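Understanding the architecture of this molecule
What follows is each chain in one-letter form.
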Amino acid sequence: MAAKTVLLTAGEVEAAKAFNARMAAAGAPADFVAEQVNPVDAGAPITKRQYVVVDAGKVRGGVLKVEYPAWLNASRVPATNFQSPISEGIIDKKFSLTAMVLVKFMQQAGSRSFIVGMGDSRNPLPRLLKAGGWSVEPIPFFFRVCRPNRFLSELRLLNDDPKRRVLAKVAAATGAGWLGIQALHFRGLLARASARRYRILPVTEWDSWADSLWECFRNSCSFGVLRDRQTLTELYPASDRRLIRFLVEREGRPVGWAECFKRQMNGHA
């Protein structure tokens, strides 16, 4: 029987567990398929469904399908995001076609589908998507380095390559890395001066100001998942203790917000 992509049900749970065990034993990346069937509320703003690729009764891959309310060219539309696609083909070439089965399944969701966090465009998944007719574009990743020496010594991206590892160690030992990073942060001093007009307040829940800010912002955005009060409550619930949210005010008026995820990381790619 040819491999096919199906919604995860109780009948595939044991096969999904066996798939995850095989991937873990082979030292595959941390992505995995769900091992339990979660109920889906069709009336909720966001719905999540786990799909698996089944071949001869065994799970060979899977992907999480998430449907969002979105904003596209000044109109509200549904959009589909695919997360954590994974194939057993990365540890056994006999199952290399599993990735193509997943891509074909994702294409069936229509033109308002997107995937983020794929890393370099030369990685296997973005190359497969591009071959299938998807548009693949780089997205800037903005970050601030608070402790330059720890950044240079611990960042996996620098330490996985021997040449970069040596350069990072030299930069940390001589202080050149600290100077270079501080120079990159110099423009932040100007922003800090203008930021005195603003106030950042911790908040415990999303309020009506979230709707007002979204209505002001949305028409300047060509595409995005809705950021109204209802969707934000679903995306970032107050019950998740790892999340910290802040409201930004200027002269007592809400002008922005930030949702933060705080975690101590170790050895992360």
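Our subject is the structure listed above.
A few points on the structure. Nothing here was measured: the structure is a model prediction, and the numbers come from that model.

Comments concerning the overall build of the protein chain
Of the regular secondary structure elements, the protein chain holds 10 helices and nine strands. Projected onto its principal axes, the C-alpha positions of the protein chain cover 65 × 50 × 35 Å. Residues classed as buried in the protein chain amount to 31% of the 269 residues present. Within the protein chain, contacts between residues at least 6 apart in sequence are counted, and of these 54% link residues at least 24 apart. With the model as given, the accessible surface of the protein chain reaches about 18,000 Å², and the carbon-plus-sulfur share is 55%. The centroid of the 39 positive side-chain charges in the protein chain is displaced by 7 Å from the centroid of its 24 negative side-chain charges.

As for the sheet that holds strand S9 (residues 253–261)
Pairing is antiparallel in the open sheet, where three strands are placed in the order S6-S8-S9. In the strand order of this sheet, the two ends are held by strand S6 (198–203) and S9, each with one partner. The average undirected angle you get between the axes of adjacent strands in this sheet is 25°. Strands in contact with helix H9 (residues 208–217) are S6, strand S8 (243–250) and S9; relative to S9, the strand with the most contacts, it is inclined by about 105°.

Here we look at the environment of Arg 197
With respect to the element layout, Arg 197 can be found in the loop between helix H8 (187–194) and S6. Residue class for Arg 197 comes out partly exposed when judged on its relative accessible area of 47%. Along the chain, Arg 197 and Gly 62 lie 135 residues apart, while their C-alpha atoms are 49 Å from each other. Among all residues touching Arg 197, those that are not within four sequence positions of it are Glu 249, Arg 250 and Glu 251.

Notes on the nonpolar core
Residues Leu 8, Ala 15, Ala 16, Phe 19, Met 23, Ala 28, Val 33, Ala 34, Val 52, Val 54, Val 59 and Ile 86 constitute the largest nonpolar core, which totals 12 residues. Taken together, the elements giving at least two residues each to this core come down to helix H1 (13–25) and strand S2 (47–55). Per-element accounting of this core gives the leading share, four residues, to H1.

Observations concerning unusual backbone geometry
Residues other than glycine seldom take positive phi values, yet Asn 73 does so here, at roughly 50°. Within the secondary structure, Asn 73 sits in the loop between strand S3 (58–72) and strand S4 (75–87). A positive phi angle, close to 50°, is found at Ser 84, a residue other than glycine. With respect to the helices and strands, Ser 84 occurs in strand S4.

Examining H1
In this model H1 runs 18 Å from its N-terminal to its C-terminal C-alpha over 13 residues, within 8% of the 18 Å that 1.5 Å per residue would give. Taken residue by residue, H1 has Val 13, Ala 15, Ala 16, Phe 19, Asn 20 and Met 23 as its buried positions. Taken down its axis, H1 places every buried residue within 160° of arc, on the same side. For H1, exposure combined with an orientation more than 90 degrees from the buried face picks out Glu 14 and Ala 25. Elements in contact with the buried residues of H1: S3 and S4.

Thoughts on the pattern of salt bridges
A full pass over the atoms with the stated rule returns 10 salt bridges. In this structure, Asp 207 engages Arg 229 in a salt bridge whose closest nitrogen and oxygen atoms are separated by 3.7 Å. With Asp 207 in the loop between S6 and H9 and Arg 229 in helix H10 (residues 229–235), this pair connects stretches of sequence that are 22 residues apart. Overall, Arg 229 belongs to the partly exposed group, its relative accessible area being 33%. Within this structure, Arg 22, Arg 60 and Glu 88 form a network of salt bridges that share partners.

Describing the environment of Val 66
Along the chain, the position of Val 66 falls in strand S3. Classification of Val 66 by relative accessible area gives buried; the value is 0%. Dropping the residues within four chain positions of it, Val 66 is found in contact with Ile 46, Thr 47, Lys 48, Ala 79, Thr 80, Asn 81 and Gln 83.

Focus: the packing of aromatic side chains
A complete count under the given rule lists 10 aromatic pairs for this structure. Here the aromatic rings of Trp 71 and Trp 214 are separated by 6.3 Å at their centres, their planes lie at 80°, and the arrangement is edge-to-face. Residue Trp 71 is located in strand S3, and its partner Trp 214 is located in helix H9; the two are separated by 143 residues in the primary sequence. Residue classification places Trp 71 among the buried residues on the basis of a relative accessible area of 8%. Its relative accessible area of 6% is what places Trp 214 among the buried residues. Judged by centre distance (5.6 Å) and plane angle (35°), the rings of Phe 141 and Phe 143 are tilted. Phe 141 gets classed as exposed once you look at its relative accessible area, which sits at 67%. Overall, the relative accessible area of 51% leaves Phe 143 in the exposed class. An aromatic cluster is present here, built from Trp 206, Trp 209, Tyr 236 and Trp 257 joined pairwise through their rings.

Thresholds, definitions, all that
- Residues numbered from 1 in each chain as written.
- Predicted model: local features only at pLDDT ≥ 70, side-chain atom pairs only at ≥ 80, totals over all residues.
- Heavy atoms only, no water.
- Helix = DSSP H or I, 4+ residues; strand = E, 2+ residues; numbered from the N terminus.
- Buried < 20%, exposed > 50% of the residue type's maximum accessible area, 1.4 Å probe, protein only.
- Contact = heavy atoms within 4.5 Å.
- Areas by Shrake-Rupley, 256 points an atom, 1.4 Å probe, with all protein chains shown as cover.
- Lys, Arg positive; Asp, Glu negative; His and termini not counted.
- Charge placed at Lys NZ, Arg CZ, Asp CG, Glu CD.
- Pairing = 2+ DSSP bridges.
- Axes fitted to C-alpha atoms, helices over the stretch in contact; angles between N-to-C directions.
- Core = buried A, V, L, I, M, F, W, Y, C linked by side-chain atoms within 4.5 Å.
- Expected span 1.5 Å × (residues − 1).
- Arc of directions from axis to C-beta.
- Salt bridge = Lys/Arg side-chain N within 4 Å of Asp/Glu carboxyl O.
- Phe/Tyr/Trp six-rings, centres within 6.5 Å; stacked < 30°, edge-to-face > 60°.

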